[in-house]
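Breakdown of the fold
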Amino acid sequence: DAKTTQPTSMDCAEGRAANLPCNHSTISGNEYVYWYRQIHSQGPQYIIHGLKNNETNEMASLIITEDRKSSTLILPHATLRDTAVYYCIVRVATLLTGASVSGSARQLTFGSGTQLTVLP
Amino acid sequence: DTGVSQDPRHKITKRGQNVTFRCDPISEHNRLYWYRQTLGQGPEFLTYFQNEAQLEKSRLLSDRFSAERPKGSFSTLEIQRTEQGDSAMYLCASSRNVGQDPNYGYTFGSGTRLTVV
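The following refers to the structure shown. Because the structure is a prediction, the values reported are computed rather than measured.

Basis of the calculations
- Residues numbered from 1 in each chain as written.
- Chains lettered and ligands numbered in written order.
- Predicted model: local features only at pLDDT ≥ 70, side-chain atom pairs only at ≥ 80, totals over all residues.
- Heavy atoms only, no water.
- Salt bridge = Lys/Arg side-chain N within 4 Å of Asp/Glu carboxyl O.
- Helix = DSSP H or I, 4+ residues; strand = E, 2+ residues; numbered from the N terminus.
- Buried < 20%, exposed > 50% of the residue type's maximum accessible area, 1.4 Å probe, protein only.

This part takes up the pattern of salt bridges. All names here are of chain B. Here the structure, examined in full by the defined rule, presents four salt bridges over all chains. Measuring nitrogen to oxygen at the nearest pair gives 2.7 Å for the salt bridge that ties D24 to R22. A salt bridge links E83 to R64; its shortest N-O distance comes to 3.4 Å. Taken together, the residues E83 in the loop between strand 8 (75-79) and strand 9 (88-95) and R64 in the loop between strand 6 (53-57) and strand 7 (65-68) connect sequence positions 19 residues apart. Taking the relative accessible area as the measure of exposure, R64 reaches 12% and is therefore buried. Several salt bridges share partner residues, and in doing so they unite R64, E83 and D86 into one network.

A separate point is unusual backbone geometry. Here D7 of chain B and P8 of chain B are connected by a cis peptide whose omega angle stands at -5°. Inspection of the secondary structure assignment puts P8 of chain B in the loop between strand 1 (5-7) and strand 2 (10-13). The phi torsion at R68 of chain A lies on the positive side, around 65°, for a residue other than glycine. Among the secondary structure elements, R68 of chain A is positioned in the loop between strand 6 (61-64) and strand 7 (70-75).

Dropping the structure here:
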């Protein structure tokens, strides 16, 4: 899986948008960008994923550049409960046919992530 | 369904003792994973089960570590002759099978924090 680079830490004012960048310059054409977050003393939580189009769900938006070498996770109105470590992960997409998936496609490879602190 | 459950939440043990952790995945998930997380680092993959079969093990999983998933339901992770370097958070995750969940979303438990003194 392609390696990702994220800033170590970021601050954001409560109520403002939090924009978390991720560089993945060696991403392959069949690799998705996934975002997870981990609130203190909890397990990681899935947020969103995308291939090349921008994606939005109830938690966040994901903006992927046209060359797919970087992406930004946007939390539109950050709250104190969004304080967490955010992980950007690039990995091969799941095969939908039921065929055997290679080992690297089954596991998630986490980096050190970005510690987002939402300030009151 | 209350998600992925792990027990205990915390475990303190003396060096050299054996410890066992339990993970109960989401009932309809047939894939189960174990990860280890040390302070300040992201989780690292340890091993993976599809139903009762252990299909992959990381190099991090030394001979002192053994994982089982009898009957393809809950899983246990045992560490024998614990060392101080084993102190970490042990996370369990589960997911659906390929073809059933195109998002391939993992659901993680809250982990078991092991402290070896």
